[in-house]
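# Commentary on secondary and tertiary structure
Spelled out, the chains give:
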Amino acid sequence: MFESLSDRLEGAFKTLKGESKLTEINIAQSVKEIRRALVAADVNYKIAKEFTDKVKDKALGQENVLKAVRPGELMVKIVMDELVELMGGQAAGINLNGSPTVILIAGLQGSGKTTFSGKLSLFLKEKRKKKPLLVACDVYRPAAINQINVLGEQVGVPVYTEPENKNPVEIALKAIAHAQETNRDVVIVDTAGRLSIDEAMMKEIANIKEAIQPNETLFVVDSMTGQDAVNTAKAFNDVINYDGVVLTKLDGDTRGGAALSVKYTVGKPIKFVSTGEQMDTLDVFYPDRMAQRILGMGDIVSFVEKA
Amino acid sequence: EKTKSNFFGKLTKAVAGKSTVDEEVLDELENILITSDVGLDTTVKIIERIEERVARDKYINTSELNEILRDEIVRLLAENNTEDLEEYSLPSTETPTIILVVGVNGVGKTTTIGKLAWQYKQQGKKVVVGAGDTFRAAAVDQLKIWSERVGCDFYSKGMYTDPAAVAYETVNYAIENGHDVAIIDTAGRLHTKINLMKELGKIKRSISKKMPTAPHEVLLVLDATTGQNAIEQAKHFTNATDVTALALTKLDGTAKGGVVLGISDIFKIPIKYIGVGEGIEQLQIFNKRAFVESLFAEKVQ
Ligand SMILES: Nc1nc2c(ncn2[C@@H]2O[C@H](COP(=O)(O)OP(=O)(O)OP(=O)(O)O)[C@@H](O)[C@H]2O)c(=O)[nH]1
Ligand SMILES: Nc1nc2c(ncn2[C@@H]2O[C@H](COP(=O)(O)OP(=O)(O)OP(=O)(O)O)[C@@H](O)[C@H]2O)c(=O)[nH]1
Ligand SMILES: [Mg+2]
Ligand SMILES: [Mg+2]
């Protein structure tokens, strides 16, 4: 794909090579190719447009694009740099203040919240020497409590549940009190999946957040998400103003343009990536890897050295 | 941003008195299709068909263009074997009819099985669901709760058992107990995981071993929020199990699920069901016309 994108860009330049007065048309053509590549990677259509317009300005500012031996590659590099910058920013750690630290997990149905909650508890236990408590606040999904119990057992982290209680706000508050009593220093609150247009459910998550005042609120998004990622990311952000994003299921072959869409739309850092069903498949986020992935590129290192 | 709801209004205005569809309209159309996850290739295909049709029919009057657009998309679906079902008919007249449900993680397989079992139950069919996901935490419990909601039978060998054996024995159980239909759940798996895809092939073969004509249906569940990756999913699941039908879930959200247009076009697999909520009744039979309308309708946030 990297080959084909940069080849296609070379193609766009080759046809007009030598006619320097056509620079703008030339670049416009390759920008269109880049836009297609982004859209094919599920980057939101509108964002792909805005983004490539910016790239175009950058490229036009660099007069050497047309003179470059391989203008296509230079264009790809400009795109890469812009993508990395957009998705990067300063490395955002997870806020572990508070006693106990309270972390709220939210997102659409099936995005991977419960699995991530288990992974995060293991990560904090092993890598940060914390004593987490998992909390089952999904009172709707069949066997949701059993699921988180099994995961808790797998990672050796206690799980707070109230099988008879259908009020997630109460459960979360009692869990925090329980954590204090039992000396647990991080409370991870897993919630039910919900749609951003489900008013009652969005009110519920707002109420949970209001009641427990989390130190960290994380929005979990499936990396296979398409154009809708922007709507959902924005709607959840409007309601719970989350601190960071978790990208899941990156162990597949999705290009993951949703990562760019979400970051572009809400400006919140991507803090973790989830890459499997097993509890130890949690990773920090590398903007450069993500940019390569979106562009469908293989080995960026060799490429950058070439350019 | 202009809303999508008045697209047809704009379309009508922009083409009034013209014999070709102008750029602006096509751009707007492209915008709508792409942001519905229809994907570049299928979008281009639809636009070309419309241009052709307008040129051929010499563009009769404005309101007709709306119809042409809807028609062309519906036709694209019809060419690909998607015929609107009348009701929840079983995919075979043979009993028991065996349905194998597959898909990537978290798309809604187990939920769809619950809903489908309920539909068959409503028709007075004797239904059993088989707990072939023996891997994901509490997957067996989840299906069991669904079977209790439905009031249908449930077959399981417990967690961490061989899913191919569960599938085989579910078929056997259905034969011995005179079930009309057995619906077998499988663990979610990413299509890129070779071993897990091989396991799926094995599950299917072990069903056929018990009943050579089965499974009568392999239902691939796709999540409407998924973008272009759904095409890869369809490709690999089809290779592994000869998918015969699609279900598109989570259409009650803001995502449009437009990627299924391309999928049904490429793989000629009919779309049978849509999921429109988490409740037991929230499964619907796919309707081409309604789906096309929804591509152009704005959901209010
Ligand atoms: N391959 C892979 N599968 C994942 C990953 N994260 C989660 N899953 C799987 O995705 C499915 C859904 O995960 P859950 O953790 O149950 O998702 P959820 O968001 O809690 O779902 P609801 O509570 O129903 O909204 C399960 O099959 C998980 O095993 C991941 O990073 N990679
Ligand atoms: N809003 C909405 N949610 C749905 C729909 N179908 C399923 N869900 C939800 O999506 C989540 C995942 O559904 P499951 O049925 O567990 O999905 P699955 O494919 O069996 O998941 P794994 O077995 O973990 O791969 C659950 O929270 C379901 O309630 C739907 O049509 N609309
Ligand atoms: Mg969950
Ligand atoms: Mg399941």
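None of the values given here were measured: they were computed from a predicted structure. (Residues numbered from 1 in each chain as written. Chains lettered and ligands numbered in written order. Predicted model: local features only at pLDDT ≥ 70, side-chain atom pairs only at ≥ 80, totals over all residues. Heavy atoms only, no water.)

Hydrogen bonding along the main chain pairs the strands of a sheet, whether they run parallel or antiparallel. Residues and elements named next belong to chain A. Within the open sheet, the eight strands sit side by side as β3-β2-β4-β1-β5-β6-β7-β8. Their pairing is mixed. The open sheet has two free edges, formed respectively by β3 (159–160) and β8 (282–284), since each of these has just one partner strand. Relative to strand β5 (residues 216–222), strand β1 (residues 101–107) runs parallel, the two being bridged by five bridges. Bridged to Ala106 within β5 is Phe219. (Pairing = 2+ DSSP bridges. Helix = DSSP H or I, 4+ residues; strand = E, 2+ residues; numbered from the N terminus.)

So, about the site of ligand 1. Near ligand 1 there are 23 residues, and of these A:Lys113, A:Thr114, A:Thr115, A:Arg141 and A:Glu277 occur at the shortest range. More than one chain approaches ligand 1, the contributing ones being chains A and B. Side-chain polar atom of A:Thr114 to an oxygen atom of ligand 1: 2.7 Å apart, as the coordinates give it. A:Thr115 places a polar side-chain atom, nitrogen or oxygen, 2.5 Å from an oxygen atom of ligand 1. (Near = heavy atom within 4 Å. Polar contact = N/O pair within 3.5 Å; in protein donor to acceptor, adjacent residues only side chain to side chain.)

A few words on the interface of chain B and chain A. Between chain B and chain A, the contact holds 41 residues from the first and 37 residues from the second. Taking both sides of the interface into account, the surface hidden between chain B and chain A amounts to around 3,300 Å²; carbon and sulfur atoms contribute 56%. Remark: the boundary between chain B and chain A carries one salt bridge. A salt bridge links B:Lys193 to A:Asp251; its shortest N-O distance comes to 2.4 Å. Viewed at the interface, chain A and chain B are joined by 15 residue pairs in polar contact (both at pLDDT 80 or more). Elements represented by at least two residues in the side of chain B that touches chain A include exactly α2 (23–35), α6 (139–150) and α9 (229–241) of chain B. For the side of chain B that touches chain A, a count of residues per class yields 12 nonpolar, 17 polar and 12 charged. (Contact = heavy atoms within 4.5 Å. Buried area = accessible area lost by both parts, 1.4 Å probe. Salt bridge = Lys/Arg side-chain N within 4 Å of Asp/Glu carboxyl O. Nonpolar A, V, L, I, M, F, W, Y, C, P; charged D, E, K, R; others polar.)

Turning to helix α10 (residues 229–240) of chain A, a few remarks are in order. Residues and elements named next belong to chain A. Taking 1.5 Å of rise per residue, the 12 residues of α10 would be expected to cover 16 Å, and the 16 Å separating its terminal C-alpha atoms lies within 8% of that figure. Among the residues making up α10, those that are buried are Ala229, Val230, Thr232, Ala233, Ala235, Phe236, Asn237 and Ile240. In the core, the buried residues of α10 are packed alongside α3 (45–61), β1, α9 (199–212), β5 and α11 (257–266). A positive phi of about 40° marks Asn241, the residue just after α10. (Expected span 1.5 Å × (residues − 1). Buried < 20%, exposed > 50% of the residue type's maximum accessible area, 1.4 Å probe, protein only.)

Across all of its chains, the model carries five cavities of 30 Å³ or more by this definition. What the largest cavity holds in volume is close to 130 Å³. Looking at the largest cavity, it is lined by 15 residues, and the ones nearest its centre are A:Leu108, A:Ser111, A:Asp222, A:Thr225 and B:Thr225. For the lining of the largest cavity, the elements supplying multiple residues, two or more each, are β5 and α10 of chain A. The element that contributes the greatest number of residues to the lining of the largest cavity is β5(A), accounting for four residues. Looking at the lining of the largest cavity residue by residue, the classes come out as six nonpolar, six polar and three charged. (1 Å grid on protein atoms, 1.4 Å probe; cavity = no way out; pocket = protein on both sides within 12 Å on 5 of 7 lines; lining within 4 Å. Points joined across faces, edges and corners; volume = space filled by probe spheres on them.)

Moving on, we come to the site of ligand 2. The local shell around ligand 2 holds 23 residues, among which B:Lys109, B:Thr110, B:Thr111, B:Arg136 and B:Glu278 are the closest. More than one chain reaches ligand 2: its neighbouring residues belong to chains A and B. Residue B:Thr110 places a side-chain N or O atom 2.8 Å away from an oxygen atom belonging to ligand 2. The separation between an oxygen atom of ligand 2 and a polar side-chain atom of B:Lys115 is 3.4 Å. For ligand 2, whose unbound accessible area comes to 650 Å², protein coverage reaches 96%. Among the elements that take part in the shell around ligand 2, helix α5 (residues 109–122) of chain B stands out by supplying four residues, more than any other. Partitioning the shell around ligand 2 into residue classes produces four nonpolar, 11 polar and eight charged. (Areas by Shrake-Rupley, 256 points an atom, 1.4 Å probe, with all protein chains shown as cover.)

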